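# Results of the structural survey
Now for the letters of each chain:
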Amino acid sequence: MREPDARDRAAFIALHASSEVHTYLGGPRPRDELERDVPEVPGRWPGSFVVELDGAMIGQILLRRATEHLCPAAVGKVDLGYLFLPRAWGFGYAAEACAAALDWLEDVLPGEPVVLATQTANVRSLRLAAKLGFSEVERFRAWDADQWLGLRAPVTSSD
């Protein structure tokens with residue numbers, strides 16, 4: 001994992017224009033809109049990471065404060081999000097990268113609770129959430145689909 005840079009622009013556009021990637025995210029954005037709107041160095045903010053394989057971007061990990069766009073139980077907590085190009089699915093890259101991002105967050109903000117939201121229809125994402133230690137907090141309806149919200153309790157040290 002690394003910070004995004006200019007060489008990632010084409011992969012960011014492909015990621016956000018992919019109908020496969022956005023099956024459970026409300027659909028892809030139009031490629032021409034992305035070409036116009038994506039900055040030269042996309043996704044450049046704290047908590048945004050590029051997942052790289054053999055020198056090329058295969059995904060993105062996002063850690064950001066949840067807002068009311070999710071649900072009241074998530075507001076103010078850190079929200080873990082991730083997107084991977086379809087060619088990277090099924091190899092464990094998302095689990096490895098999300099775990100690394102959660103470790104990074106624990107170093108930066110020790111004890112911070114983290115939420116993860118996904119559509120209930122997204123079985124792969126639900127499996128990943130369980131593997132990462134998220135437990136269901138609630139289900140809710142948003143974006144015309146049933147959603148699942150999981151919470152990963154803060155890591156506590158045993159002194």
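This text gives an overview of the structure that appears in the document. Model, not experiment: these values are computed from the prediction. (Residues numbered from 1 in each chain as written. Predicted model: local features only at pLDDT ≥ 70, side-chain atom pairs only at ≥ 80, totals over all residues. Heavy atoms only, no water.)

### A word on the packing of aromatic side chains
A full pass over the atoms with the stated rule returns two aromatic pairs. Between Phe49 and Trp104, the aromatic rings sit 5.0 Å apart at their centres with planes inclined by 80 degrees, giving edge-to-face as the arrangement. Placement of the pair is Phe49 in strand β1 (residues 48-53) and Trp104 in helix α3 (residues 93-108), with a sequence separation of 55 residues. Of the residues examined, Phe49 reaches a relative accessible area of 12% and is grouped as buried. (Phe/Tyr/Trp six-rings, centres within 6.5 Å; stacked < 30°, edge-to-face > 60°. Helix = DSSP H or I, 4+ residues; strand = E, 2+ residues; numbered from the N terminus. Buried < 20%, exposed > 50% of the residue type's maximum accessible area, 1.4 Å probe, protein only.)

### Here's the deal with empty space enclosed by the protein
By rolling a water-sized probe across the atoms, one finds the places where empty space is left. Tallying each qualifying case throughout the model produces one cavity of 30 Å³ or more. In this structure, the largest cavity encloses a volume near 60 Å³. As for the largest cavity, its lining consists of 10 residues, of which Leu105, Glu106, Glu112, Val114 and Arg152 are closest to the centre. Sorting elements by how many residues they give to the lining of the largest cavity places α3 first, with three residues. (1 Å grid on protein atoms, 1.4 Å probe; cavity = no way out; pocket = protein on both sides within 12 Å on 5 of 7 lines; lining within 4 Å. Points joined across faces, edges and corners; volume = space filled by probe spheres on them.)

### A word on the layout of surface pockets
If you add up the space inside the largest pocket, you get close to 1,200 Å³. What lines the largest pocket is a set of 42 residues, and nearest its centre among them are Leu25, Tyr82, Leu83, Asn122 and Ser125. Among the elements that take part in the lining of the largest pocket, strand β3 (residues 78-84) stands out by supplying six residues, more than any other. Looking at side-chain class alone, the lining of the largest pocket contains 21 nonpolar, 15 polar and six charged residues. (Nonpolar A, V, L, I, M, F, W, Y, C, P; charged D, E, K, R; others polar.)

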